[in-house]
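# Fold and geometry: a report
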Amino acid sequence: MGKGIADSVLDAIGDTPVVRLSRLEPDLDRELLVKLELLNPGGSHKVRIALNMILEAEKDGELVRGSGQTIIESTGGNTGIGLAMAAAILGYRLVLVIPDNYSPAKQRLLRSYGAEVRLSDHTLGNNSHAEMALGLLFDNPDWVMLNQQANPANPAIHERTTAVEIMDALGPRLPDALVAGVGTGGHITGVGRVLLEHRPSMRVVAVQPEGCSLRDNKFVTHSIQGLAVGLVPAVLDLDLVSDEEQVSFEDARQMMRRVMRTEGLAVGISSAANLVAACRVARSLPAGSRVLTFAYDGVHDYLDALPDEDVAFAEGSLAGEAR
């Protein structure tokens, strides 16, 4: 705390807290920890990689700050928000390709930052946005694609920052299990790689939507935004992964409500999937074990995913207050 005045919002990225969840599963007898990446500027962990990919492209001479060059990227939303923030501050034009079934609120947010949003047909597969972005790049060869799924700057920033923050917060007692969702694979690779160097016995558990498997290269259409993009990402180091935990959309949806009511923590759908998996993993470990997971982003872009009775309750309460 007390780092002084930042020159821009980009200098406020990182140093997110780790919180103990003691009320979510009161009889658990294991320690469940969550790193609140939703407290980053832009509201997610993806702002870390967005900025780092741009900075590395500038170092390599691909991008020139303030030039108005066009950056193109396929993104489910949170990386796009980070890129939009950075592009606005550093002087780039940004074209984002996202699936047409992603949050309308997030689409409006991206456009408000100044990004040009193109929508892909999600019925063509979970990687439809990446395929469309490649087509646009072919038609516009002067544009720069950062390619978060294959860019080494993605896991590198988690090695240099996220993993170090975790070790500073946890001290000498690192987790017995690290539970993390896999979209691009950058944070589970970067954090897992560093923590395993200091605790080789740690289990690294990849969270996937029900029916998807990284190990089997199997993917199905699903509704947990941010997970399982339809391929095994190039930056993902599968050798680090001990296990996979599949989570249904309904279980994640119910967890969103549960963690709000027990811990006062309002998380997005993929973060809730992490918590479902982390509770399962914790119960498979000996009493007293420590499990760490991540809250990637907040609930605000996923309000439609909350259970219907909660929406009805909220609307009824507001109506009562109005009277």
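Computed from a predicted model, the values in this text were never measured in an experiment. (Residues numbered from 1 in each chain as written. Predicted model: local features only at pLDDT ≥ 70, side-chain atom pairs only at ≥ 80, totals over all residues. Heavy atoms only, no water.)

Okay, the overall build of the protein chain next. Secondary structure summary: the protein chain contains 9 helices and 10 strands in total. Relative to its length of 323 residues, the protein chain is compact, with a C-alpha radius of gyration of 19 Å against a globular reference of 20 Å. With respect to the principal axes defined by its C-alpha atoms, the protein chain has extents near 60 × 55 × 50 Å. Within the protein chain, the proportion of its 323 residues that are buried is 54%. Pairs at least 24 residues apart make up 71% of the contacts formed inside the protein chain by residues separated by at least 6 positions. By element, 51% of the accessible surface of the protein chain is carried by carbon and sulfur atoms, the whole surface being about 13,900 Å². Across the protein chain, the 29 positively charged side chains and the 42 negatively charged ones have centroids separated by 5 Å. (Helix = DSSP H or I, 4+ residues; strand = E, 2+ residues; numbered from the N terminus. Rg over C-alpha atoms; globule rule 2.2 N^0.38 Å. Buried < 20%, exposed > 50% of the residue type's maximum accessible area, 1.4 Å probe, protein only. Contact = heavy atoms within 4.5 Å. Areas by Shrake-Rupley, 256 points an atom, 1.4 Å probe, with all protein chains shown as cover. Lys, Arg positive; Asp, Glu negative; His and termini not counted. Charge placed at Lys NZ, Arg CZ, Asp CG, Glu CD.)

Let us look at the environment of Glu 31. You can see Glu 31 is positioned in strand E2 (residues 31–36). Sequence separation between Glu 31 and Val 291 is 260 residues, and the spatial gap between their C-alpha atoms is 6.1 Å. In this structure, Glu 31 is in contact with Arg 20, Arg 173, Ser 289, Arg 290 and Val 291, ignoring residues within four places of it in sequence.

Okay, the pairing of strand E3 (residues 70–74) next. Counting buried residues in E3 gives 5 out of 5 residues, a clear majority hidden from the surface. Burial of E3 is two-sided: the residues Thr 70, Ile 72 and Ser 74 facing one way and the residues Ile 71 and Glu 73 facing the other way are all buried. One ladder, built from 5 bridges, connects E3 with strand E4 (residues 93–99); its direction is parallel. Opposite Ser 74, over in E4, you have Val 97 as the bridge partner. As defined by bridge partners, E3 adjoins strand E6 (residues 144–145) across 2 bridges and the pair is classed as parallel. Looking at E6, one finds that Ile 72 is bridged to Met 145. (Pairing = 2+ DSSP bridges.)

Attention shifts here to the confidence of the model for the protein chain. Across the protein chain, the average pLDDT comes to 90, with 94% of residues at or above 70. Under a pLDDT of 50 for its full length, residues 311–319 has, in the predicted model, 1 contact with residues more than four places off or in other chains. (pLDDT = per-residue confidence, 0-100.)

Let's shift gears to the packing of helix H1 (residues 46–59) against helix H5 (residues 153–170). Orientation of H1 relative to H5, taken along the N-to-C sense of each, is 125°, at an axis distance of 9 Å. With respect to each other, H1 and H5 are oriented oblique. Between H1 and H5 the crossing geometry is right-handed. Residues Arg 48, Ile 49, Asn 52, Met 53 and Glu 56 of H1 form the contact with H5, whose own contacting residues are Ala 153, Asn 154, Ile 157, His 158, Arg 160, Thr 161, Thr 162 and Glu 165. Taken together, the residues of the contact of H1 with H5 sort by class into 4 nonpolar, 5 polar and 4 charged. (Axes fitted to C-alpha atoms, helices over the stretch in contact; angles between N-to-C directions. Parallel < 35°, antiparallel > 145°, perpendicular 65-115°, else oblique. Left-handed = near helix turned anticlockwise from the far one by under 90°. Nonpolar A, V, L, I, M, F, W, Y, C, P; charged D, E, K, R; others polar.)

What follows covers the sheet that holds E6. In spatial order, the strands read E5-E4-E3-E6; together these 4 strands make up an open sheet with parallel pairing. Of all the strands in the sheet, just strand E5 (116–120) and E6 have a single pairing partner and so form its edges. Its contacts with the sheet put helix H2 (residues 78–90) on E3 and E4, and the angle it makes with E4 is roughly 170°.

One pass over the full model with this rule turns up 21 salt bridges. A salt bridge links Arg 283 to Glu 25; its shortest N-O distance comes to 2.7 Å. Taken together, the residues Arg 283 in helix H8 (residues 269–284) and Glu 25 in the loop between strand E1 (18–20) and E2 connect sequence positions 258 residues apart. Taking relative accessible area as the criterion, Arg 283 reaches 41% and is therefore assigned partly exposed. In this structure Glu 25 comes out as buried when scored by relative accessible area, which is 17%. Put simply, Lys 35 and Glu 165 hold a salt bridge, and the shortest N to O gap is 2.9 Å. Taken as a pair, Lys 35 in strand E2 and Glu 165 in helix H5 lie far apart in primary sequence, 130 residues in all. (Salt bridge = Lys/Arg side-chain N within 4 Å of Asp/Glu carboxyl O.)

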